[in-house]
Amino acid sequence: PLRRAMPSAPPALVTTAFSELCWVLPCLVQCAISLFNGDAGAWAPIRLGAGCDVMATYSIFASMSGMLSTVAVSAFTYYTTKHGPSAVSAKTSAIVGVAVLVGSALFAAVPRVVGGSWYTGSGFCYLNFYDPTLAILNLLITGPAVVSAVVFLTLTLKHGGWPSQLDLVLMLVAFVSAWSWWIPASFVGLAGGTFPMWYFPPIGFLAHGQALINPYLYGIRWRRSALLLASADGKVKPADSVKTAEMAVTVGVTP
């Protein structure tokens, strides 16, 4: 039913779900190992060994793909309300999803190429914002991504047509609260500034929080609205319209 109602929805949801899974599942395993072994374990990020490399790779990949896949969902939402449920085909949605995953994988490989430490402090191995190459690349991707998501969702709110306005507000708040932190972090890194101790834990909490809220936000609320949108857009079939008109005439002439 979802594929027939909104062809772009299934590939978009699969891409988003895969992106979130690639973060929370390996993170769960690594955190469990660190919980039992402590900071002395080989997989503890603070030791700057293999555990740090692995954490940085899956965290950067999943963060980037999770962010970009939700930008795609925001775009599909806007074009659907503006041009109808079939505005974006399933093929286009699938191509966008593959591009998001491949592009995110390439971005996650950049730290390996440029070298340097991935340890960002506070127990996290993540993007090294002090590396000029990574900081600039991050700004070039994250800045337009945040702006695009805000624009698409705001235009959809203004244009109307999506069954639940609350969906759009929740999508906007969740996205901005999670990913806007990357932009000032890149500027701090490029300026050679010092991050306060409290800076990265909220980022980790809010970014990981996407994996908690997105299954509900997109898998339940957004999907349900997509089905309702198709019903509203389709309204009545042509044959049913004729029957309805005939019924109206019959009722009108009945004494």
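Residues numbered from 1 in each chain as written. Predicted model: local features only at pLDDT ≥ 70, side-chain atom pairs only at ≥ 80, totals over all residues. Heavy atoms only, no water.

Digging into the overall build of the chain
- Check the secondary structure of the chain and you find nine helices and two strands.
- The secondary structure elements of the chain, listed N-terminal to C-terminal, are α-α-α-α-β-β-α-α-α-α-α.
- Relative to its full complement of 255 residues, the chain shows a buried share of 43%.
- Intrachain contacts of the chain at a sequence separation of at least 6 include 77% that bridge at least 24 residues.
- Per element, the accessible surface of the chain, about 12,800 Å² overall, is 73% carbon and sulfur. (Helix = DSSP H or I, 4+ residues; strand = E, 2+ residues; numbered from the N terminus. Buried < 20%, exposed > 50% of the residue type's maximum accessible area, 1.4 Å probe, protein only. Contact = heavy atoms within 4.5 Å. Areas by Shrake-Rupley, 256 points an atom, 1.4 Å probe, with all protein chains shown as cover.)

Considering the layout of surface pockets
- Taken as a whole, the second largest pocket holds about 150 Å³ of empty space.
- Residue lining of the second largest pocket: L13, T16, A17, E20, L21, V24, A211, N214, P215, Y218 and G219, and that is the complete set.
- Those elements that place two or more of their residues in the lining of the second largest pocket are α2 (9-37) and α8 (200-234).
- Tallying contributions element by element places α2 first for the lining of the second largest pocket, with six residues.
- A breakdown of the residues in the lining of the second largest pocket according to their chemical character gives seven nonpolar, three polar and one charged. (1 Å grid on protein atoms, 1.4 Å probe; cavity = no way out; pocket = protein on both sides within 12 Å on 5 of 7 lines; lining within 4 Å. Points joined across faces, edges and corners; volume = space filled by probe spheres on them. Nonpolar A, V, L, I, M, F, W, Y, C, P; charged D, E, K, R; others polar.)

Observations regarding empty space enclosed by the protein
- Across all of its chains, the model carries one cavity of 30 Å³ or more by this definition.
- If you add up the space inside the largest cavity, you get close to 40 Å³.
- If you trace the largest cavity, you find it lined by A12, T15, S69, A72, V73, F76, S93, V96, G97 and V100.
- Listed by contribution, the elements that provide at least two residues to the lining of the largest cavity are α2, α3 (50-83) and α4 (90-114).
- By residue class, the composition of the lining of the largest cavity is six nonpolar, four polar and no charged.

Re the confidence of the model for the chain
- In the predicted model, the chain carries a mean pLDDT of 82, and the fraction of residues at 70 or more is 82%.
- Low confidence marks residues 234-255, where pLDDT is under 50. Its contacts with residues over four positions away, or in another chain, come to one contact. (pLDDT = per-residue confidence, 0-100.)

Regarding the packing of aromatic side chains
- Scanning the model with the defined rule gives seven aromatic pairs in all.
- Both rings, one in Y79 and one in F152, keep their centres 6.0 Å apart while their planes meet at 55°; by these two values the pair is tilted. On the criterion of sequence distance, the pair formed by Y79 in helix α3 and F152 in helix α5 (residues 132-159) is long-range, its members being 73 residues apart.
- By relative accessible area, Y79 is classed as partly exposed at 36%.
- Pairwise contacts between aromatic rings join Y78, Y79 and F152 into one cluster. (Phe/Tyr/Trp six-rings, centres within 6.5 Å; stacked < 30°, edge-to-face > 60°.)

Thoughts on the packing of α2 against α3
- One can describe the packing of α2 onto α3 by two numbers: an axis separation of 8 Å at closest approach and a directional angle of 155°. With respect to α3, the axis of α2 lies roughly antiparallel. The crossing of α2 and α3 is left-handed.
- Per-class residue counts for the contact of α2 with α3 are twelve nonpolar, eleven polar and one charged. (Axes fitted to C-alpha atoms, helices over the stretch in contact; angles between N-to-C directions. Parallel < 35°, antiparallel > 145°, perpendicular 65-115°, else oblique. Left-handed = near helix turned anticlockwise from the far one by under 90°.)

Looking at the packing of α3 against α5
- Taken N-terminus to C-terminus, the directions of α3 and α5 make an angle of 30°; their axes are 9 Å apart at the nearest point. As summarised for this structure, α3 and α5 are arranged roughly parallel, according to the angle between their axes. The crossing of α3 and α5 is left-handed. Along its contact with α3, which presents M64, M67, L68, V71, S74, A75, T77, Y78, Y79, T81 and K82, the element α5 presents I141, T142, A145, S148, A149, F152, L153, L155, T156 and H159.
- Grouping the amino acids of the contact of α3 with α5 by side-chain chemistry returns 13 nonpolar, seven polar and one charged.

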